[in-house]
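A look at the structure
Here is how the chains run, residue by residue.
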Amino acid sequence: MTQFMVEFDLPVPFPESFIAKIPYQRIAVNQLLEEGKLQSYALSSDRSRLWCIVNAQDELEVMDIIAEFPLIDYMRPTITELMFNNSVVMKVPTFSLN
């Protein structure tokens with residue numbers, strides 16, 4: 001599995017039709033995070049750019065994954081294959097029932 005950084009330019013200001021789809025975007029993103037297709041998802045403070053790390057075999061699979069975003073019609077993606085991506089993994093302690 002390879003990781004790709006996807007940068008999106010967002011419309012400024014957001015059209016009303018874009019704003020109406022934001023809740024559906026969050027649902028799709030949460031599902032993709034749970035499935036392990038997305039590693040991370042971040043928005044700039046001025047809301048003009050969005051970044052995500054996508055786990056995929058190739059750039060075509062990345063395009064298939066981001067095509068699931070309800071807001072994709074408003075976003076211009078730039079895809080870059082990563083050599084590596086360091087991140088902190090939160091470890092949850094396991095509990096024993098004994």
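The structure reproduced in this document is the subject of the present report. (Residues numbered from 1 in each chain as written. Predicted model: local features only at pLDDT ≥ 70, side-chain atom pairs only at ≥ 80, totals over all residues. Heavy atoms only, no water.)

With that out of the way, let us pick up the overall build of the chain. When you go through the chain residue by residue, the secondary structure sums to two helices and four strands. The order of helices and strands in the chain, counted from the N terminus, is β-α-β-β-α-β. The 98 residues of the chain split such that 28% are buried. Across the chain, the fraction of contacts at a sequence separation of at least 24, relative to all contacts at a separation of at least 6, is 69%. Total accessible area computed for the chain in this model is approximately 7000 Å², and 56% of it derives from carbon and sulfur atoms. (Helix = DSSP H or I, 4+ residues; strand = E, 2+ residues; numbered from the N terminus. Buried < 20%, exposed > 50% of the residue type's maximum accessible area, 1.4 Å probe, protein only. Contact = heavy atoms within 4.5 Å. Areas by Shrake-Rupley, 256 points an atom, 1.4 Å probe, with all protein chains shown as cover.)

Time to look at the side chain of S44. Mapped onto the elements, S44 comes out in the loop between β2 (38-43) and β3 (49-56). Separated by 3.3 Å, the side chain of S44 and the backbone nitrogen of S48 make a polar contact. (Polar contact = N/O pair within 3.5 Å; in protein donor to acceptor, adjacent residues only side chain to side chain.)

Quick look at the sheet that holds strand β4 (residues 76-81) now. Taking strand neighbours across the sheet as the criterion, the four strands line up as β2-β3-β1-β4 in an open arrangement whose pairing is antiparallel. Looking at the sheet topology across the chains shown, the edges are occupied by β2 and β4. This sheet shows a mean twist of 15 degrees between the axes of neighbouring strands, independent of strand direction. Of the strand pairs in this sheet, strand β1 (residues 2-9) and β4 are connected by six bridges, and their pairing is antiparallel. By the bridge assignment, F8 is partnered in β4 with P77. (Pairing = 2+ DSSP bridges. Axes fitted to C-alpha atoms, helices over the stretch in contact; angles between N-to-C directions.)

Those residues of helix α2 (residues 59-66) that sit buried are V62, I65 and I66. Taken around the axis of α2, the buried residues stretch over an arc of 90 degrees, which confines them to a single face. Exposed residues lying more than 90 degrees from the buried face of α2 are L60 and D64. Of the surrounding secondary structure, the elements contacted by the buried residues of α2 are β1, α1 (16-34), β3 and β4. N-capping of α2 is provided by D58, with a side-chain oxygen placed 3.2 Å from the backbone N of L60. (Arc of directions from axis to C-beta.)

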